[in-house]
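Given next are the chains, with one letter for each unit.
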Amino acid sequence: MLTKEQLSQYWGKVRSLTIIVLVLWALVSYGAAIIAGFLNKITIIGFPLGYYMGAQGSLIAFIVLLIVYNKKMDAIDDEFGVKEE
């Protein structure tokens, strides 16, 4: 069982990690939309790069964010001894 101080530290780290991941998610989402006009000048296999980044690139970025979030959460859980079996 964690003490109140440990719980406060644990949730502080979890909250910080979650905020960072959400900010990165928003930057990827809106960043791709903002620069799509510039990216559409470049074509790959007949498709504008802005379309490709919106359709495929952002999905890849979201999957990477999920993997990083999972690994960081596991590290935080290990640090505080609350890892699930």
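You'll find the structure just up there.
Calculation rules
Residues numbered from 1 in each chain as written. Predicted model: local features only at pLDDT ≥ 70, side-chain atom pairs only at ≥ 80, totals over all residues. Heavy atoms only, no water. Helix = DSSP H or I, 4+ residues; strand = E, 2+ residues; numbered from the N terminus. Contact = heavy atoms within 4.5 Å. Buried < 20%, exposed > 50% of the residue type's maximum accessible area, 1.4 Å probe, protein only. Phe/Tyr/Trp six-rings, centres within 6.5 Å; stacked < 30°, edge-to-face > 60°. Salt bridge = Lys/Arg side-chain N within 4 Å of Asp/Glu carboxyl O.

Participant: Go over the environment of Ile76, please, and point to the residues and values.
Facilitator: Summarising the element assignment, Ile76 is placed in helix α3 (residues 49-80). In this structure, the C-alpha to C-alpha distance between Ile76 and Tyr10, residues 66 residues apart in sequence, is 7.4 Å. The residues touching Ile76, leaving out its near neighbours within four places in the chain, are Tyr10, Lys13, Val14 and Leu17.

Participant: Before we move on, can you summarise the environment of Gln56 with the specific residues and values?
Facilitator: Here Gln56 is to be found in helix α3. On the accessibility criterion, Gln56 (40% relative accessible area) is partly exposed.

Participant: Please set out the side chain of Ser58 residue by residue, giving values where relevant.
Facilitator: Tracing the backbone through its elements, the reader meets Ser58 in helix α3. Look at Ser58 and you get buried, because its relative accessible area is 10%. In contact with Ser58, not counting residues within four places along its chain, are Val28 and Met53.

Participant: Hey, could you go over the packing of aromatic side chains for me, with residue numbers and the actual values?
Facilitator: This structure, assessed with the given rule, holds three aromatic pairs. With a centroid separation of 5.2 Å and 80° between ring planes, the pair formed by Tyr10 and Trp11 is classed as edge-to-face. Residue classification places Tyr10 among the buried positions, given a relative accessible area of 10%. With 5.5 Å between their ring centres and 80° between their planes, Tyr10 and Phe80 make a pair best called edge-to-face.

Participant: Quick rundown of the pattern of salt bridges? Include the residues and the values.
Facilitator: Counted by the stated rule, this structure contains two salt bridges. Lys13 serves as the salt-bridge partner of Glu79, at 2.7 Å between the closest nitrogen and oxygen. With a gap of 66 residues between them, Glu79 in helix α3 and Lys13 in helix α1 (residues 4-34) connect regions that are remote in the sequence. Lys13 gets classed as partly exposed once you look at its relative accessible area, which sits at 35%. Residue Asp78 is joined to Lys83 by a salt bridge in which the shortest nitrogen-to-oxygen separation is 3.9 Å.

Keep in mind these numbers describe shape, not what the thing actually does.
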